[in-house]
Amino acid sequence: MSSQINSLKEISWKKALYKEINASYFTSMMRFLVAENKIYSIYPKESQLFNAYNLTPLDKVKVVIIGQDPYHGNGQANGLCFSVNKGLSLPPSLSNIYKELVSDVGITTPEYGNLSFWANQGVLLLNSALTVRAGEANSHQSIGWEKFTDATIKVISKENMGIIFLLWGGFAKKKSALIDSSKHHILTTGHPSPLSANRGYWFGNRHFSKTNELLMKEGKKIINWQVE
């Protein structure tokens, strides 16, 4: 991971986050990851580190879904929150997301978990931390990523209009403080993890159909939630 920042290809994000990329905390974080990678496996792989940004340019963002950090299992993380590389088993949270989608908008249950099809339609799938140490959830939460991704949310709030923010669970809901609710839409519910979903805090939220209703009111093209 000697050149992580080089994997951020999307020009609009590089311009919008120029001050963050050149800040001392970001430089320190990159150095930390280089050192960390000499000892541990780090996910996702470098080429996918900024997938959320590269697949969804700033001016194309219509919906924002916020996760906490990447999956920490071998080969799972692909730079998009809740998403896994094709060919891998569905993590429990993603499985519950699909169940709600089937109930809410009537999609056919997808066979795999790569959500890049959503990202290409304007759904920014943003984790608060963009990297994780193999086998250790939340291991990179305190190295500087949250400052960078909080700045990302602030930029979206400032530069765009009528964005739908889907905040799932207590961690994501705290991000509402970064969003101008007078010009954007904020939908909240429980986290799709089994712990939350099995207690009745996830199923029935209808966030996907509500998102499309709001997009139509904003005069924007709706999201095709069927994972292809």
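Residues numbered from 1 in each chain as written. Predicted model: local features only at pLDDT ≥ 70, side-chain atom pairs only at ≥ 80, totals over all residues. Heavy atoms only, no water.

1. Looking at the side chain of Thr 131
Spelled out, the test is: Strands here mean DSSP runs of E at least two residues long; helices mean DSSP runs of H or I at least four residues long; both are numbered from the N terminus. In this scheme, a residue with accessible area under 20% of its type's maximum is buried, one over 50% is exposed, and one in between is partly exposed, where area comes from a 1.4 Å probe on protein chains only. By the criterion applied in these results, polar contacts are pairs of N or O atoms within 3.5 Å in which, for protein atoms, one can donate a hydrogen and the other can accept it, and in which residues neighboring in sequence qualify only through two side-chain atoms. Throughout, a contact is declared for two residues whenever any of their heavy atoms are within 4.5 Å.
With respect to the helices and strands, the residue Thr 131 is situated in the loop between strand S3 (123-127) and strand S4 (132-133). Look at Thr 131 and you get buried, because its relative accessible area is 0%. Polar contacts involving the side chain of Thr 131 include one to the side chain of His 140, which spans 2.8 Å. For Thr 131, the side chain forms a polar contact with the side chain of Trp 145, separated by 2.8 Å. Among residues more than four places away in sequence, those in contact with Thr 131 are Leu 33, Ile 42, Tyr 43, Pro 44, Leu 49, Pro 70, His 140, Ile 143 and Trp 145.

2. A word on the nonpolar core
Cut-off, in case you're wondering: Buried Ala, Val, Leu, Ile, Met, Phe, Trp, Tyr and Cys residues that are joined via side-chain atoms within 4.5 Å together make up what is termed a nonpolar core.
Counting residues in each nonpolar core, the largest one holds 64 residues, and the members touching the most others are Trp 13, Tyr 53, Ile 65, Ile 97, Trp 118, Trp 145 and Phe 148. For this core, the leading source of residues is helix H7 (residues 145-159), giving six residues. Non-local contacts of Tyr 53, meaning those with residues more than four positions away in its chain, are made with Leu 8, Glu 10, Trp 13, Leu 17, Leu 124, Leu 126, Leu 130, Phe 148, Thr 149 and Thr 152.

3. A closer look at the packing of helix H5 (residues 92-105) against helix H10 (residues 207-217)
In plain terms, the rule: Comment: axis = line fitted to C-alpha atoms, over the contacting stretch for helices; angle = value between 0 and 180 degrees taken between N-to-C directions. An angle below 35 degrees is read as roughly parallel, one above 145 as roughly antiparallel, one from 65 to 115 as roughly perpendicular, and any other as oblique. Basically, the charged four are Asp, Glu, Lys and Arg, the nonpolar ten are Ala, Val, Leu, Ile, Met, Phe, Trp, Tyr, Cys and Pro, and anything else, Gly included, counts as polar.
Across the interface, H5 lies against H10 with an axial gap of 8 Å and an inter-helix angle of 60 degrees. In terms of axis orientation, H5 runs oblique to H10. Of the residues in H10, those in contact with Ile 97, Glu 100, Leu 101, Asp 104 and Val 105 of H5 are His 207, Phe 208 and Ser 209. For the contact of H5 with H10, the residue count by class is four nonpolar, two polar and two charged.

4. Some thoughts on the pairing of S3
Put simply, the test is: The criterion for strand pairing is that DSSP finds at least two bridges linking the strands in question.
The buried fraction of S3 amounts to five of the five residues, a majority that puts the element mostly inside the structure. Burial along S3 is two-sided: Val 123, Leu 125 and Asn 127 facing one way and Leu 124 and Leu 126 facing the other are all buried. Two elements, strand S2 (residues 63-67) and S3, share five bridges in a ladder whose sense is parallel. Among the inter-strand pairings, Ile 65 is bridged to a residue of S3, identified as Leu 125.

5. Quick look at H7
Where we set the bar: Here a helix's expected span is defined as the number of its residues, less one, multiplied by 1.5 Å.
Relative to the 21 Å expected for 15 residues at 1.5 Å per residue, H7 spans 21 Å between its end C-alpha atoms, a close match to the ideal helical length. Those residues of H7 not exposed but buried are Trp 145, Phe 148, Thr 149, Asp 150, Ala 151, Thr 152, Ile 153, Val 155, Ile 156 and Ser 157.

6. Here we look at the sheet that holds S2
Strand order across the open sheet formed by four strands is S3-S2-S5-S6, with parallel pairing between neighbours. Only two strands of the sheet have a single partner each, and these edge strands are S3 and strand S6 (185-189). Across the sheet, the mean angle separating the axes of adjacent strands is 20 degrees when strand polarity is ignored.

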